[in-house]
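Given next are the chains, with one letter for each unit.
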Amino acid sequence: MTTETLPARWLTVVAIVFAGINLRPAIVSVSPLLQAVQLDLSLSSSTAGLLISLPVLLLGISSPFAFVLVRRLTTSRAISLSLAVLALGILVRSLSALSNYDAAALWSGTVLIGVSLGVANALVPSVIKELPAHRRACSTAALSFAICLGGALAAGTAGPLSHVLADQWSRAFLVWALPALLCSVIWWYCPVSDRQAKRDPLPSLESSLFRHPLAIALCIHMGLQSFLSQSVTAWLPTILVVRGLNEVSAGSMLSMLMAAQLFTALGGVWLATRGHDQRVAVTVMYLVALGGFFGCMQAPPSWVVPSVILLGLGQGGTFSIGLLMIVLRANTSRAALRLASLTQFVGYTIASVGPWLFGVLRDYYGSWRFAMPLFLGITVVGISAALYAAQNRRIL
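How each quantity is defined
Residues numbered from 1 in each chain as written. Predicted model: local features only at pLDDT ≥ 70, side-chain atom pairs only at ≥ 80, totals over all residues. Heavy atoms only, no water. Helix = DSSP H or I, 4+ residues; strand = E, 2+ residues; numbered from the N terminus. Rg over C-alpha atoms; globule rule 2.2 N^0.38 Å. Buried < 20%, exposed > 50% of the residue type's maximum accessible area, 1.4 Å probe, protein only. Contact = heavy atoms within 4.5 Å. Areas by Shrake-Rupley, 256 points an atom, 1.4 Å probe, with all protein chains shown as cover. Lys, Arg positive; Asp, Glu negative; His and termini not counted. Charge placed at Lys NZ, Arg CZ, Asp CG, Glu CD. Phe/Tyr/Trp six-rings, centres within 6.5 Å; stacked < 30°, edge-to-face > 60°. Lys NZ or Arg CZ within 6 Å of the ring centre and 35° of its normal. Arc of directions from axis to C-beta. Axes fitted to C-alpha atoms, helices over the stretch in contact; angles between N-to-C directions. Parallel < 35°, antiparallel > 145°, perpendicular 65-115°, else oblique. Left-handed = near helix turned anticlockwise from the far one by under 90°. pLDDT = per-residue confidence, 0-100. Nonpolar A, V, L, I, M, F, W, Y, C, P; charged D, E, K, R; others polar. Patch = residues over 30% accessible without salt bridge, like charges linked within 9 Å, V, L, I, M, F, W, Y side chains within 5 Å. Salt bridge = Lys/Arg side-chain N within 4 Å of Asp/Glu carboxyl O.

A tally of helices and strands in the protein yields 17 helices and zero strands. What you see for the protein is a C-alpha radius of gyration of 20 Å, in line with the 21 Å of a compact globule of 396 residues. A buried classification covers 58% of the 396 residues belonging to the protein. When contacts within the protein are restricted to residue pairs at least 6 apart in sequence, long-range pairs at least 24 apart make up 84% of them. Surface summary for the protein: the accessible area is close to 15,000 Å², and the carbon and sulfur share equals 69%. Of the side-chain charges in the protein, 24 are positive and 11 negative, and the distance between the mean point of each set is 11 Å.

Here's what the structure looks like:
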C-alpha cells in the first residue's frame, strides 16, 4: 500500500481525518438523548446501556471482516463500503421512532452501525502505517483528534438538533448519515494501492498475536480505557442530573468532556513521543482521568466543570497513546492491520460491558455509589497493562 506523490499522501491524510470524524457520532449522539429514547421506547436502564454497549461489542467482533474485504477490494474501497453501511445503519435506526418499525429498526440499525465501525476502525491504522515514517505520529494524532472532534460535535449538537427538529431524537440521529456518505465517497477515490495486501497471505491472529504478551497487554489497555470512556459517555449526563444539574447543563458537560479530549488527542501523542517509551505519558493520562471522575462524583457542584475537563483530558490521552502504540509496535502495514484487528476484537469486547454493567448496577443499587470504586479498580488494572504495552519493543 503506497502513495506515490506528495498530493496523494496529503489526500490520504485528509481522508483519514474525515474517517475519524465519522467513527464516534453514531454512538455518542445517543447519550445526550438517552432519557428521551428510554421514555419513548419504554427501555430500562440496563436495556438503555445495552443500546450503547452493543455497537461497541460489534466494533470488536466484526474487525476480522476487514481481512475479508481487503482480499476482495482495495483498502480505500473497503473503508468506503464500511462508511456507506454506517450511513445505512444510522438511517435504519432512526426509523425506530415510527411505531411500525420500533424495536426491530432500533436493534438492526445498531447492528449495522457496530459492524461498519468495526471494519473501518481496523483498516485505518494500516493506512497510517504505509505513510512515510516522519508522518505517522502526526497522522495518528490527526486521527485521534478527528475521532474526539466527531464525538464532541455529536455530544454538543444532539440536544439542540433534537429541539430544532421538532423534538424528534430520531431526526437528530439521522443527521449523521450525511457526513458518513460524504466520507464514503472520499475514500472510494482515495489514492491508496494494495500491492503488499494482495501479496501477503491472510494472517492468522490465533497463531501468533494471541500468544504474544505485549499484544495482550495492549489489548487489555485499549479495552479498559475504552470501558471507562464508553461508560462515562453513556452515563455522565444522567449522573450529573442526579447530582443536581438540569438536563441541558448535563448534556453540555458531555460536550465539554469530548472537547477536552481534543487537546490530548494531539498533546498525548506529542508527550508520548518525547521519551524512550510511552509508560510515563500513559500513566499520567490514566491518573488525570481518575481525578476528573472523582471530582464529577464527589466534589462540590462548583468543581464539576474543571472535573469534566480533567476527565476528558485523561481519557483523550489514554486513547490517542493507545492508537500510537498500535502503530509503533508493528513493523509493517499488514502487521498494523493484524494488531489493530486484535486490539479491537479483544479491547472493544471488554469495553462493550461497560455501559451495560453501569446500567445493571444502577438498577441493582438504585444509586451511583458503586461507580467510583469500579472506576478506580479498572484504572489500576489498565495502568498495569499499559506499563507493559508501552515498552519500546516490536511485536511483528
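With the rule as written, the count across this model stands at seven aromatic pairs. Note on Phe-358 and Phe-370: the rings are 5.6 Å apart at their centroids and 70 degrees apart in plane angle, and the pair reads as edge-to-face. One end of the pair, Phe-358, is in helix 16 (residues 333-365); the other, Phe-370, is in the loop between helix 16 and helix 17 (371-389), and twelve residues separate them in sequence. A relative accessible area of 3% places Phe-358 in the buried class. By relative accessible area, Phe-370 is classed as buried at 8%. Three or more aromatic residues link up through ring pairs in this structure, and these residues are Trp-235, Phe-358, Tyr-364, Tyr-365, Trp-368 and Phe-370. Over the aromatic face of Phe-173 sits the side chain of Arg-93, whose NZ or CZ is 4.7 Å from the ring centroid.

This next bit is on helix 3 (residues 34-41). Of the positions making up helix 3, those classed as buried are Leu-34, Val-37, Gln-38 and Leu-41. Buried residues along helix 3 cover an arc of 100 degrees about the axis, so they all sit on one side. Pointing more than 90 degrees away from the buried face of helix 3 are the exposed residues Leu-39 and Asp-40. Close packing links the buried residues of helix 3 with helix 4 (45-61), helix 7 (102-129), helix 9 (169-174) and helix 12 (213-242). Positioned one or two residues after helix 3, Ser-42 has a phi angle of 55 degrees, which is positive.

Right, let's talk about the side chain of Ser-82 for a bit. For Ser-82, the location among the structural elements is in helix 6 (residues 75-94). On the basis of relative accessible area, Ser-82 is assigned to the buried category, the value being 5%. Not counting the four nearest positions on each side in its chain, Ser-82 is found in contact with Ser-116, Val-119 and Ala-120.

Below, the discussion takes up the packing of helix 6 against helix 7. Between helix 6 and helix 7, whose axes approach to 8 Å, the crossing angle comes to 160 degrees. On the basis of the axis angle, helix 6 is roughly antiparallel to helix 7. The element helix 6 and its partner helix 7 pack so that their crossing is left-handed.

All right, on to the environment of Gly-223 then. In this fold, Gly-223 is placed in helix 12. Taking relative accessible area as the criterion, Gly-223 reaches 0% and is therefore assigned buried. Sequence separation between Gly-223 and Gly-347 is 124 residues, and the spatial gap between their C-alpha atoms is 3.4 Å. With residues up to four places along the chain from it excluded, the contact list for Gly-223 reads Gly-347, Ile-350 and Ala-351.

Once that is clear, we can look at the confidence of the model for the protein. On average, residues of the protein score 83 in pLDDT, and 91% of them reach the 70 mark or higher. Across residues 195-207 the pLDDT falls below 50, and counting only partners more than four positions away or on other chains, this stretch makes 31 contacts in the model.

One can describe the packing of helix 12 onto helix 14 (residues 279-298) by two numbers: an axis separation of 12 Å at closest approach and a directional angle of 20 degrees. When the interaxial angle is binned, helix 12 and helix 14 end up roughly parallel. Here helix 12 runs over helix 14; the crossing is left-handed. Within the contact between the two elements, helix 12 uses His-221, Gln-225, Val-232, Leu-236, Ile-239 and Leu-240 and helix 14 uses Val-282, Tyr-286, Phe-293, Cys-296 and Met-297. Here the residues of the contact of helix 12 with helix 14 are counted per class, giving nine nonpolar, two polar and no charged.

Moving on, we come to a nonpolar patch on the surface. A cluster of nonpolar side chains, Leu-11, Val-14, Phe-18 and Leu-182, forms an exposed patch at the surface whose accessible area comes to about 310 Å². Here the nonpolar patch takes three residues from helix 1 (residues 6-21), the largest share from any one element. Positionally, Phe-18 belongs in helix 1.

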